[in-house]
Amino acid sequence: MMAMVFYLAKGSSMSLSKLPYKGTRDFFPTEMRKRDFIFNRMKKIAELHGYEAYDGPMVEEVELYLAKSGEELINEQIYSFIDRGDRKVAIRPEMTPTLARMVAQVHREFPKPLRWYAIPNLMRYEKPQKGRLREHWQFNCDIFGAPEALGEIEILQVASGLLKSFGATEEHFEILLNDRRLVDAFFKQTLNFDSERSHKLYKVLDKAKKVSNEALGKMLDELIPESVKKNQFVHYLNLKTFSDVDNFLTMYGLKDAAAGFVSFYKKLSSTGLSKIVVYDPTIVRGLDYYTGVVFEIFDKSPENRRAICGGGAYGNLLQIFNEPAMGGVGFGLGDVTLTDFLETHKLLPEFKAQDCDVLISYLEDSLEPQAFELAHKLRELNIKTELHLGEAKPKKVFQYAEKKGHKSVTIIGSEEVKNGSFEFKRLRDQEKAVISLNQLSELKEFLELTHG
Ligand code: HAM
């Protein structure tokens, strides 16, 4: 193994860049407030649907991804290296292989269906652009061992439930959906394609919306020179509704092969989801492990027309660990694309102000012990309290509090200590309240606090 050697440029005057590595982000407090807000919402929605949190390692053996992730991810996007013990490892580019590995270890101990969620950071070597970075966080929800079609419906409800919880409606997003059982049966039985040709056609479908019509036509000419088959493929590409799909399956005798999909869209029609789910023949997903329903959630805004979320059903992931087949369905929803979506539709609040309830300051150093004591008492009541350390002029203290977005200020002088009561000034409207040391919880009402 070739070990990489680094030399420290001792005493060199070269200055280091302050910027983060290409395609990654620094999260300063304001961005962190936004991130926490979004992640808390993800956790809440997952738990509201009965999902439990899990997590796994940042690094996995490359083998894990070679087994089932797609060619693009492995050949072009993976961050891999050889560790000091000569193992080929990779920084996780997605969570599903880790999840499958973990589920394979313990699934016997859990009642089914098993519902798990995580918000891992993932790394993919991509060309950074709007909606695509090299590091992103991805909300993953997956269900294993659910009855036919019901896991798919629940997973779509969780993903769309998250968007709705921010106030998004069917005007803002849509779920484009297809089924690999239909595509497989059509390629194999109708077009008579072997697995190599089918694989190539899958790649063409995956690219269909990302390339021009001419480029698509050229790819199809090369792959399907037979005119009858090409017409059949064009017929497929023109399917727009589940009723078109139903006629298509009947016409080509594919209903049995795609029975799972038929039962899925029949069930779908009795749920509220049918308003936001649209059949799309070009949705096949780039990852190789999907075997059933596949979907992507798209922003409807022309300014931000991209996938916020992608997922689907996979039947054989546990088998790569020599475990019995148990189907899973899930989705990954990225923080970058979600934030772009929410900002495009103005569905996020402002995150400028720090969420702190009180700033305490004191006029003389001798009052320091009383200031610490007051801060301690307020924190015991779950009131977020910052102590302005060191003697300071009131004007400066108020400027500092305004800048940081505190809700109120109290300044301790010897009078306050003698009386055992303190004046709190609410910065929003400059209202004042005098509250005694043994009635401090009144401050919660004065500040209309909802926490604690
Ligand atoms: P994926 O389609 O590769 O699926 O990623 C899911 C979502 O993650 C995308 O729709 C996008 O929002 C976000 N995403 C992916 N790559 C990037 C990137 N480079 N920068 C920013 N956001 C990105 C999966 O990863 C599957 N493992 C999801 C899954 C879970 N399927 C079943 N369970």
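Since we're looking at a predicted model, the values are computed, not measured. (Residues numbered from 1 in each chain as written. Predicted model: local features only at pLDDT ≥ 70, side-chain atom pairs only at ≥ 80, totals over all residues. Heavy atoms only, no water.)

Closest axis-to-axis distance for the helix 6 (residues 180-190)/helix 7 (residues 195-207) pair is 10 Å, and the angle between their directions is 130 degrees. In terms of axis orientation, helix 6 runs oblique to helix 7. In this structure, helix 6 meets helix 7 at a crossing whose hand is right-handed. Contacts between helix 6 and helix 7 involve Arg180, Val183, Asp184 and Phe187 from the former and Ser198, Leu201, Tyr202 and Leu205 from the latter. For the contact of helix 6 with helix 7, a count of residues per class yields 5 nonpolar, 1 polar and 2 charged. (Axes fitted to C-alpha atoms, helices over the stretch in contact; angles between N-to-C directions. Helix = DSSP H or I, 4+ residues; strand = E, 2+ residues; numbered from the N terminus. Parallel < 35°, antiparallel > 145°, perpendicular 65-115°, else oblique. Left-handed = near helix turned anticlockwise from the far one by under 90°. Contact = heavy atoms within 4.5 Å. Nonpolar A, V, L, I, M, F, W, Y, C, P; charged D, E, K, R; others polar.)

According to the domain assignment, the protein chain contains domain 1 (29-344) and domain 2 (358-447). Each of domain 1 and domain 2 was reduced to a C-alpha centroid, and the two centroids are 52 Å apart. (Domains from an automatic or database assignment.)

With that settled, consider the sheet that holds strand 2 (residues 59-61). Here 3 strands make up an open sheet; going across it, the order is 2-4-3 and the pairing antiparallel. Of all strands in the sheet, those with a lone pairing partner are strand 2 and strand 3 (79-82), marking the two edges. Strand after strand, the sheet turns through a mean of 35 degrees between neighbouring axes, direction not considered. Across 3 bridges, strand 2 lies against strand 4 (residues 88-91) in antiparallel orientation. In the strand pairing of strand 4, Val59 is matched with Ile91. (Pairing = 2+ DSSP bridges.)

So, on to a nonpolar patch on the surface. Nonpolar side chains collect at one region of the surface, where Met58, Val59 and Phe81 lie side by side and expose about 230 Å² of accessible area between them. Mapped onto the secondary structure, Phe81 falls in strand 3. (Patch = residues over 30% accessible without salt bridge, like charges linked within 9 Å, V, L, I, M, F, W, Y side chains within 5 Å. Areas by Shrake-Rupley, 256 points an atom, 1.4 Å probe, with all protein chains shown as cover. Salt bridge = Lys/Arg side-chain N within 4 Å of Asp/Glu carboxyl O.)

One can find Thr30 in helix 1 (residues 29-48). Assessed through its relative accessible area of 36%, Thr30 is described here as partly exposed. For Thr30 and Gln354, which are 324 residues apart along the polypeptide, the C-alpha to C-alpha distance reads 8.0 Å. (Buried < 20%, exposed > 50% of the residue type's maximum accessible area, 1.4 Å probe, protein only.)

On to the site of the ligand. In the neighbourhood of the ligand, 27 residues make up the surrounding shell, with Glu94, Thr96, Glu126, Tyr290 and Thr337 lying closest. Ile308 places a polar main-chain atom, nitrogen or oxygen, 2.8 Å from an oxygen atom of the ligand. Computed on the free molecule, the ligand has an accessible area of 660 Å², of which 96% lies beneath the protein chains in the complex. Of all the secondary-structure elements, those providing two or more residues to the shell around the ligand are strand 7 (135-144), strand 11 (307-314), strand 12 (328-334) and helix 12 (335-344). Here the shell around the ligand gets 6 residues from one element, more than from any other, and that element is strand 11. Per-class residue counts for the shell around the ligand are 10 nonpolar, 11 polar and 6 charged. (Near = heavy atom within 4 Å. Polar contact = N/O pair within 3.5 Å; in protein donor to acceptor, adjacent residues only side chain to side chain.)

Turning our eyes to something else, we now look at the sheet that holds strand 14 (residues 385-387). Taken in spatial order, the 5 strands make up an open sheet running 14-13-15-16-17, and their pairing is mixed. Strands at the two margins of the open sheet, each flanked by one partner only, are strand 14 and strand 17 (432-436). Averaged over all neighbouring strand pairs, the angle between strand axes comes to 25 degrees, with direction disregarded. Packing of helix 14 (residues 394-404) onto the sheet brings it into contact with strand 13 (358-362), strand 14, strand 15 (408-412) and strand 16 (421-426), and relative to strand 15 it is tilted by some 155 degrees.

So, about the side chain of His107. When you line up the elements, His107 lands in the loop between helix 4 (96-106) and strand 5 (114-118). For His107, a relative accessible area of 7% puts it in the buried group. A distance of 2.9 Å separates the side chain of His107 from the side chain of Glu323, its partner in a polar contact. Dropping the residues within four chain positions of it, His107 is found in contact with Lys112, Leu318, Glu323, Pro324 and Met326.

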